[in-house]
Amino acid sequence: MRGGGEFGGSQGGLLVGAAITQRPELFNAAIIEVPLFNMLRYTKLGAGAYWIGEYGDPDIAEQRA
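What you see is a predicted model; the values in this text were computed from it and never measured.

Reading the values: the criteria
Residues numbered from 1 in each chain as written. Predicted model: local features only at pLDDT ≥ 70, side-chain atom pairs only at ≥ 80, totals over all residues. Heavy atoms only, no water. Helix = DSSP H or I, 4+ residues; strand = E, 2+ residues; numbered from the N terminus. Buried < 20%, exposed > 50% of the residue type's maximum accessible area, 1.4 Å probe, protein only. Contact = heavy atoms within 4.5 Å. Phe/Tyr/Trp six-rings, centres within 6.5 Å; stacked < 30°, edge-to-face > 60°. Lys, Arg positive; Asp, Glu negative; His and termini not counted. Salt bridge = Lys/Arg side-chain N within 4 Å of Asp/Glu carboxyl O.

**Student:** Give a detailed account of the overall build of the chain, specifying residues and quantitative values.
**Tutor:** Check the secondary structure of the chain and you find three helices and two strands. Counting all 65 residues of the chain, 20% fall into the buried class. Long-range pairs, those at least 24 residues apart, make up 28% of the contacts in the chain with a sequence separation of at least 6.

Listed below in structure tokens is the structure:
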């Protein structure tokens, strides 16, 4: 949507964050709820350990890659 806005939460927030970083000219605004951008430190967050099954463990080199 050229010149529009976007809304995303949780993994949608990750998607919107990537979109506005890569193509900022496409957005006037973005609302990001519960963004998870730092994929190397997410396990340090309160609920981060619960997401290891989905994202992998960044402390294990093979999974981090």
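That covers the picture; the talk isn't over yet.
**Student:** Go over the side chain of Thr43, please, and point to the residues and values.
**Tutor:** In this fold, Thr43 is placed in the loop between strand S2 (27-33) and helix H2 (52-55). Filtering out sequence-adjacent residues up to four positions away, Thr43 remains in contact with Gly48, Ala49, Ile52 and Pro58.

**Student:** Residues and numbers for the environment of Gln63, please.
**Tutor:** With respect to the secondary-structure elements, Gln63 resides in helix H3 (residues 61-64). Each C-alpha atom, one on Gln63 and one on Ile52, is 9.8 Å from the other, the two residues being eleven residues apart in sequence. The contacts of Gln63, once residues within four sequence positions are left out, are Gly56 and Asp57.

**Student:** Outline the packing of aromatic side chains, supporting the account with residue identities and numerical values.
**Tutor:** The tally for this structure, following the rule as stated, stands at two aromatic pairs. Summarising the aromatic geometry, the rings of Tyr42 and Tyr55 are spaced 5.6 Å apart at their centres and angled 70° between planes, so their arrangement reads as edge-to-face. Highlighted residues: Tyr42 in the loop between S2 and H2 and Tyr55 in helix H2, separated in sequence by 13 residues. The class of Tyr42 is buried, set by a relative accessible area of 1%. Here the aromatic residues Tyr42, Trp51 and Tyr55 are joined through ring pairs into a cluster of three or more.

**Student:** I'd like a rundown of the side chain of Asp57, residues and numbers included.
**Tutor:** Structurally, Asp57 is set in the loop between H2 and H3. Lacking a salt bridge, the buried Asp57 has Lys44 as its closest oppositely charged neighbour, with an N-O distance of 7.0 Å. Setting aside residues up to four positions removed in sequence, Asp57 forms contacts with Tyr42, Ile52, Gln63 and Arg64.

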